[in-house]
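# Secondary and tertiary structure notes
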Amino acid sequence: MLNFLVNPGLFIAGLIAIASPVIIHLLNRRRFKRVDWAAMDFLIEAQRLNRRRVKLEEFILLLLRCLAMGFIGLLLARPFLDVNPESFFKSGAIERVIIIDDSLSMAAQTGEKSPIEEASAILRKWIEVLANDNDDDFITVVRTTDPDRPAPWANGLPLTEASVGGLLEQFDKLEAQDSAGNLNAALLHVEQSFKDDKASLHRVVYLLTDLRRRDWEGSAEAGSDAGVVATLGRISEAAAGCYVVDLGTAGEENLVVEQIVPLDKAIIADVPAEFEVIVRNRGMRDASDVQVRFVAGDTLPVEVGIDRIAAGATGVAAFTYTFADTDDGDVEDVRPVPVEVSLENDLESSGDLLKEDNVRYFPARVVRGIRVLLVDGDPSGNYGQSETFYLKNALAPDGPSPSGVAVTVVDDSEFDDVELSEFEVIVVANLYRVTEGRAEALENWVRDGGGLVFLLGDQADQDVYNEILHKDGEGLLPVRLSGIEGDEKEEAWALLSPDLANHPVFRFFDGDNRQLLDAVKVFRWWRCEIPELEDAEDAEDAEDAEDAVKREPARKTSRVIASFDDKGRAPAVVEKRLGEGRVLVLTTPLDNDWSNFPENGATFLITSQEMIRYMARNRTKEGVISVSQPITQKVDLREFSQKVEIITPGGGEPQSAEARPVEENAENGPVWTVNFDGTGQRGIYELKLMRAAGGDSQSMLFAANIDTGESDLTRASEDAIRSDLGDARVEFVPRGQSVIELKGATARSEIWKVILYILTALLAIELLFGWWIGARR
């Protein structure tokens, strides 16, 4: 009866409160003792003449007060109309806005049909019925995987005989996309379209979804004041009807290949590469005997089993694979090899509901070795005595087994002309001085991810290093040099003592292997000072420091990795973070001049190899993207053409893109950047760089993988959503119920503002009227 009120109980309370002015009036009519006096006759006569007017005035005043009480109750009850006042000026046409959740989770086989197949069947049948019954309907489709615009084939499309065929064809082809959905962004787009489009149409909103928790919880956009539920509530107030069609069913069992993790920083030809494949069990039951298949290029697959993965936990499959060398003699070329990892389980018996997330890709970029530049600042006249000689033999020794390091040696006269971008690690060995121009180039190179090592010896110019490289803590060098310490006669020495025992450079020497490091005698070293930087962080291990760099890539942090065991604990190895790269300083050279380091063959070889691998940038992360994330690749126009070709997964005609200059990197000159955003499908993308002088192209691989969040099939609580929606007019439709009758034709419009205006007017009239009649009497 009172279904036009949001809070009918408050309205009833208001009606009861109407009696209060009457009760007050009756209480004021109590009998008093009458005392006649002479002048009373004149007052009684005046009252008799004005009685009718006074009663009328009192009745009007009582009526105003009763109406005021009633309107207060009505205001608190929040009345509404089922016809929006604006709709009086609208035509009878209805725009039906269909929001389709076409994210990957909609492909889960939770029943005879997946949610996306169910959505396709419902929409085809529904459109046919609408086409027969209505001539004034318009159809707009918004997909959660492309939330910022309506579908180009259904953007305010009139539902006519001519358009029905194409619409049915599109719904017939409806399938879940590889990219993640953004339900809140789609709803915000619909809400904004309602505000922007003033067309005289009634709008009815239909949301077809599998009601997964990931879409409904924690979905507030940056800069937005609401998530999915609040946005949906606001849409329901503006729409003539709002329906959530739940296409999902109970069922969470799902296995997903979550990560392919290379354990090395580079994949080197003919050197065994180790991988860990992480598989997550998102279901409620333990999974057993999970078979993981690893395929590199066209080679035979390798399978590894995981005995058991507990519910909600992860399992790891370890693979070791050697990528063969092409033997073409070119150290710098990168050989792309696509890697595919998949689960080979029987999906029905394992209860794996979403097979699309059982495959993951990795773009292996196979190189001949980590490219290292050794700058020899003190070449020895005697063969086999220079610092770079020892380093080169430790890093790339002759023999049948490759070390995985490709070494180039230059002297101080050649250093300024070297192209730094060709190397991943640069070792400056006892160099006399560095020019300001080269120091600036080195700093930019380090910020971009390079690893720079300074080996300080007797050739280093203290003033030049402090002024040009240290710059009071703001330059490349993490230490300020203040003289040479030690025993020139080499009768006394100091030992190396790692401050961070688990640091990758010295990790091997933990425990019993410490005796190898204790055999190294250092006779002289540079005394140095380390500035206290305000933003310096003391990371307990190398992994913590790497996380800090990811959080603040522009920060400069210094820390001592190893010290000498002399009285002053002089720093021996100091590291500094700079941008995406790092700088490492050894305060003693790696030759026989100041220590016996090279004489301890095993210690010297292990330390050199671990140092280079630690300093090298992680190239294995390059080319790994998410579906719909653009491909970005630098193109050196001195070597390659501006135009590139992209081969997408599944073959087909190659697509093209062009490199463009990037304004903020204009100083890079001929190095431009190509961007390609057509990555909506999971798989391997091959980008071909065409050589400007002709000849063979150079290929770069990119692996687009799904967002593993789509693998979480946990359903949201419909009761919780209803509770959060409160009084919003959103109707939930369970799977299997017909949606043909859901045609909503009117919009609810609360009229509390009108009631407030009337109440204010009543109170003002009552106040003025009471004052007026009081003044007259």
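Residues numbered from 1 in each chain as written. Predicted model: local features only at pLDDT ≥ 70, side-chain atom pairs only at ≥ 80, totals over all residues. Heavy atoms only, no water.

### Quick notes on the packing of helix H10 (residues 387–395) against helix H15 (residues 601–615)
Across the interface, H10 lies against H15 with an axial gap of 9 Å and an inter-helix angle of 80°. In terms of axis orientation, H10 runs roughly perpendicular to H15. Here Tyr-390, Leu-391, Ala-394 and Leu-395 of H10 lie close against H15, whose contacting residues are Phe-604, Leu-605, Ser-608, Gln-609 and Ile-612. In terms of residue class, the contact of H10 with H15 is made up of seven nonpolar, two polar and no charged. (Axes fitted to C-alpha atoms, helices over the stretch in contact; angles between N-to-C directions. Helix = DSSP H or I, 4+ residues; strand = E, 2+ residues; numbered from the N terminus. Parallel < 35°, antiparallel > 145°, perpendicular 65-115°, else oblique. Contact = heavy atoms within 4.5 Å. Nonpolar A, V, L, I, M, F, W, Y, C, P; charged D, E, K, R; others polar.)

### A look at the sheet that holds strand S9 (residues 273–281)
With antiparallel pairing, three strands are arranged side by side in an open sheet as S7-S9-S12. Each end of this open sheet is capped by a strand with a single partner; those strands are strand S7 (255–262) and strand S12 (314–321). Geometrically, the sheet is characterised by an average inter-axis angle of 20° between neighbouring strands, direction not taken into account. Bridge count for S9 against S12 is eight bridges, and the pairing is antiparallel. In the sheet register, Glu-274 faces S12, and the bridge partner there is Thr-320. (Pairing = 2+ DSSP bridges.)

### Focus on a negative patch on the surface
Taken together, the side chains of Asp-412, Glu-414, Asp-416 and Asp-417 define an acidic patch exposed on the protein surface. Positionally, Asp-416 belongs in the loop between strand S16 (405–411) and strand S17 (425–429). What makes Asp-416 partly exposed here is its relative accessible area of 41%. (Patch = residues over 30% accessible without salt bridge, like charges linked within 9 Å, V, L, I, M, F, W, Y side chains within 5 Å. Areas by Shrake-Rupley, 256 points an atom, 1.4 Å probe, with all protein chains shown as cover. Salt bridge = Lys/Arg side-chain N within 4 Å of Asp/Glu carboxyl O. Lys, Arg positive; Asp, Glu negative; His and termini not counted. Charge placed at Lys NZ, Arg CZ, Asp CG, Glu CD. Buried < 20%, exposed > 50% of the residue type's maximum accessible area, 1.4 Å probe, protein only.)

### Notes on the packing of aromatic side chains
A complete count under the given rule lists 17 aromatic pairs for this structure. Between Phe-294 and Tyr-321, the ring centres sit 5.8 Å apart and the planes meet at 45°, which makes this aromatic pair tilted. Placement of the pair is Phe-294 in strand S10 (residues 287–296) and Tyr-321 in strand S12, with a sequence separation of 27 residues. Both residues of the pair, Phe-294 and Tyr-321, count as buried. When the centroid spacing of 6.0 Å and the interplanar angle of 35° are considered together, the rings of Phe-769 and Trp-772 count as tilted. Here Phe-769 pairs with Trp-772, and both are found in helix H17 (residues 752–776), just three residues apart, close to one helical turn. Given a relative accessible area of 17%, Phe-769 falls into the buried group. Taking the relative accessible area as the measure of exposure, Trp-772 reaches 38% and is therefore partly exposed. (Phe/Tyr/Trp six-rings, centres within 6.5 Å; stacked < 30°, edge-to-face > 60°.)

### Digging into the confidence of the model for the protein chain
Mean pLDDT for the protein chain: 84, with 84% of residues reaching 70 or above. Considering only residues more than four positions removed or in separate chains, one finds that residues 219–225, a stretch of pLDDT under 50, has 13 contacts. (pLDDT = per-residue confidence, 0-100.)

### Quick look at the pattern of salt bridges
Two side chains of opposite charge can pair, provided their charged atoms sit close to one another. A full pass over the atoms with the stated rule returns 38 salt bridges. Between Asp-210 and Arg-212 there is a salt bridge; the shortest N-O distance is 3.4 Å. Residue Asp-210 is classed as buried on the basis of its relative accessible area, which comes to 0%. Residue classification places Arg-212 among the buried positions, given a relative accessible area of 1%. With its nearest N and O atoms 2.9 Å apart, the salt bridge here joins Asp-636 to Arg-638. Taken together, the salt bridges that share partners define one network made up of Arg-365, Arg-371, Glu-424, Arg-619 and Glu-622.

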